[in-house]
Each structure stands twice: as C-alpha cells, then as structure tokens.
Amino acid sequence: MAISLQNTIYRHQLADRELGDAGPGAATPLVLVHAFPVDHRMWDDCAPLIAQLSDEAGLAPFVIWAPDMPGAGTCPVPSAGETGEVNEDGSYAQALDMVADAYVELVRQAGFRRAVFVGLSMGGYVVMDIVKRHPEVLAGIALCDTQPSPDAPEARANRLAIAQRCEDEQTIEPVMHFAVPQPGDSAFKRSPQCVDLFTRWIHEQSPDGIAWRQRMAAGRPDFTDQLAAITVPAAVVCGTRDPSLQTMRGFVPMLTGTSPAITEIEDCGHFSAVEQPAAVAQALADLMRRVVKG
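The structure contained in this document is the topic of the report that follows. Computed from a prediction, not measured in an experiment: that's the story for all the values here.

### Description of the overall build of the chain
A count of helical and extended segments in the chain gives eleven helices and seven strands. Seen through its C-alpha atoms, the chain measures out along the principal axes to roughly 55 × 45 × 35 Å. Considering the chain as a whole, with its 294 residues, one finds that 53% of them fall into the buried category. Across the chain, every contact between residues at least 6 apart in sequence was considered, and the portion connecting residues at least 24 apart equals 79%. Of the roughly 12100 Å² of accessible surface on the chain, a fraction of 51% belongs to carbon and sulfur atoms. Across the chain, the mean location of the 22 positive side-chain charges is 4 Å away from that of the 37 negative side-chain charges.

Written out as structure tokens, the structure is:
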C-alpha cells in the first residue's frame, strides 16, 4: 500500500551547474510538514524568509518543499485500501507510517539521500515517525509546537468523535474553534486578520480529509523513546503562549544524542510559523546552517 502527497515547492531544484559538480544531491532539501487542521499554506510567509535568511548567511541555495498531507488542501483522501488497518475504536493503525513513508519517498524520488524535516504540531508526529522508520534519511530535524507522546484517552476519544461528526454530517464545524481567539492567545491570533485567515483555510478543507487526519493522529504510538535516537542537528521551537510549552520543555533533556537549539518565541501560540514567521524562519535558517557546516 502507498499513499501520495500534494507537493508545494517554495524553491525549485536549481540547475546542476548552479550546484557544482556534485549534482542535484549536493544541497540538502528542507521539508516543511504542516499542522492540523490546515495545509501547506501555513508556511507561505515563513518559507520565503528561510530562503532569504539562508542566502544572506552565504548558504548554497536549497530546495524548500511543503507537501500537503493526505486529505489536506487539494491532496486526495486515501481510500480504505490505502489507509490500512483500522483499530476497534476507529483510529488508523498504519496511516501515520504510510504518511511518513510518503514524505521520505518524495525526497528519494527527487534524487536526494537525506533531508532536513520540520514538523509543526501534527506535522511533528509525521517527523517523529520518520525518526523511527527512516533515520538514515535525516540530515536535520526541527520539532515545532508538538509532542512525542500519544493522546491521553480523553483526547483520543475527542479526536475520534470529531472525525465521526465530520464524516456523518459532512461538516468542518467541529474544528472551527481553531479560528476563534481563545484566552491567552497571541496578539496575532486574536486579530481579525488571523481569524479571517484561519476561517478561510479551514473552510477550504474537506470534512473527510479532516476526519482522516484525526483518525491517523489518534492511532499514533508513543515516540518518546525515539528522542534519544536523534543524532543529527536539531531545533526545538515553541511559542510561549502555546499550551504545549511545558511539554516541550520537558522532552528537551531527552534529546541526548544531539545538542538542540531551543527557540521560545514571545507572544506566540501554537501556530508559530503563522503567528511569528520571522522568528521561526530564523530558527530554521540557523538549523540549515548547522547542517551545512557540520
């Protein structure tokens, strides 16, 4: 079984002559994995800044990709046959593995051996699964506003209830709260601009795609034991207004195989690449510099 991704390219592969004699594998690509319940567009402001900052730092230009997960944006929802085993509670037992495999295959099909993977929130689950399944493809890693542990029972049940309602009623209403300002949110998250942006993005998702990703996330395992397996340059990025901040601070000491660069962004919540794109871009450009310089 295999599933496909809908790739968005923020910076294209350069001609071989621009990369030198080493050919297309000479520059390590950067792969940005988006959050739920939106799609690759959450990287629209951040990705060009990563390229600009990296160029200013004198790094050789590298490809920047931000594929849509299955069921996000215009990427099709996988069929039952493509989804694989379904657990008794309706969560998907194999879906996250297949999504991780699809991201790795995208890199390999383009002729690269390794890439730097960045995962934000649900995107972090994908990246942690790549750590588990394909450590050889990692050149660097960034974990943004995410956690390695699985859902607690109540949170898992809530995910699956949302998935069921989205499917049964063909609605995205159960996730519209992501567009509604909450107490403690950042100034940007409370702004009319952000409300309008997230409202539009979420309304442009399909109910079945929302449900598929929720069932995928509900079925994920505990990745805590994988943190020590990360030996490549790493970054941990989180907003100080993100509810997951304490969780992220808690797992940093478990990254014993690397020396992670920690970035805590003031007045920033869970969607850091949207709320504070310049700060996230700086952290990721610094990560790329560390990867290139060794």
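We are not done yet, so read on.
### Some words on the packing of aromatic side chains
Considering all chains together, one arrives at six aromatic pairs under this definition. An angle of 75 degrees between the planes, with centres 6.0 Å apart, marks the rings of W65 and F112 as edge-to-face. Here the residue W65 occupies a position in strand 3 (residues 64–65), and F112 occupies one in the loop between helix 4 (95–109) and strand 4 (115–120), the gap between them amounting to 47 residues. Taken together, the ring pairs in this structure connect F36, F178, F198, W201 and F271 into an aromatic cluster. Looking at K189, its charged tip hangs above the ring of F198, at a distance of 5.0 Å from the centre.

### Describing the pairing of strand 4
In terms of burial, strand 4 is a largely internal element, six of the six residues being buried. Neither face of strand 4 is left uncovered, since the one carrying A115, F117 and G119 and the one carrying V116, V118 and L120 both have all their residues buried. Sheet topology places strand 2 (residues 30–33) next to strand 4; four bridges connect them, and they run parallel. The partner of V31 across the bridge, within strand 4, is F117. Across six bridges, strand 4 lies against strand 5 (residues 138–144) in parallel orientation. Looking across to strand 5, one finds that G119 is bridged to L143. In this view, the connection linking strand 4 to its parallel neighbour strand 5 by way of helix 5 (residues 122–133) has right-handed handedness.

### With respect to the sheet that holds strand 5
The strand order across the open sheet built from seven strands is 1-3-2-4-5-6-7, with neighbouring strands paired in mixed fashion. Two strands bound the open sheet, and with one partner strand each, they are strand 1 (9–11) and strand 7 (261–265).

### Digging into the environment of H34
By secondary structure assignment, the location of H34 is in the loop between strand 2 and helix 2 (46–56). In this structure H34 comes out as buried when scored by relative accessible area, which is 0%. Measuring from C-alpha to C-alpha, the distance between H34 and V126 comes to 9.5 Å, with 92 residues separating the pair along the chain. Non-local contacts of H34, meaning those with residues more than four positions away in its chain, are made with D39, H40, M42, W43, P67, D68, M69, A72, L120, M122, G123 and R213. Polar side-chain contacts of H34 include one of 3.3 Å to the backbone oxygen of V38.

### Regarding the pairing of strand 6 (residues 234–239)
In terms of residue burial, strand 6 counts as a mostly covered element, since six of its six residues are buried. The alternating pattern of strand 6 places A234, V236 and C238 and A235, V237 and G239 on opposite faces, both of which are buried. In terms of strand pairing, strand 5 meets strand 6 through four bridges, oriented parallel. Residue pairing across strands places L143 opposite V236, the latter belonging to strand 6. When strand 6 meets strand 7, the two strands line up parallel, connected through five bridges. In the sheet register, G239 faces strand 7, and the bridge partner there is I265.

Analysis parameters
- Residues numbered from 1 in each chain as written.
- Predicted model: local features only at pLDDT ≥ 70, side-chain atom pairs only at ≥ 80, totals over all residues.
- Heavy atoms only, no water.
- Helix = DSSP H or I, 4+ residues; strand = E, 2+ residues; numbered from the N terminus.
- Buried < 20%, exposed > 50% of the residue type's maximum accessible area, 1.4 Å probe, protein only.
- Contact = heavy atoms within 4.5 Å.
- Areas by Shrake-Rupley, 256 points an atom, 1.4 Å probe, with all protein chains shown as cover.
- Lys, Arg positive; Asp, Glu negative; His and termini not counted.
- Charge placed at Lys NZ, Arg CZ, Asp CG, Glu CD.
- Phe/Tyr/Trp six-rings, centres within 6.5 Å; stacked < 30°, edge-to-face > 60°.
- Lys NZ or Arg CZ within 6 Å of the ring centre and 35° of its normal.
- Pairing = 2+ DSSP bridges.
- Right-handed = clockwise from strand over helix to strand, strands pointing away.
- Polar contact = N/O pair within 3.5 Å; in protein donor to acceptor, adjacent residues only side chain to side chain.

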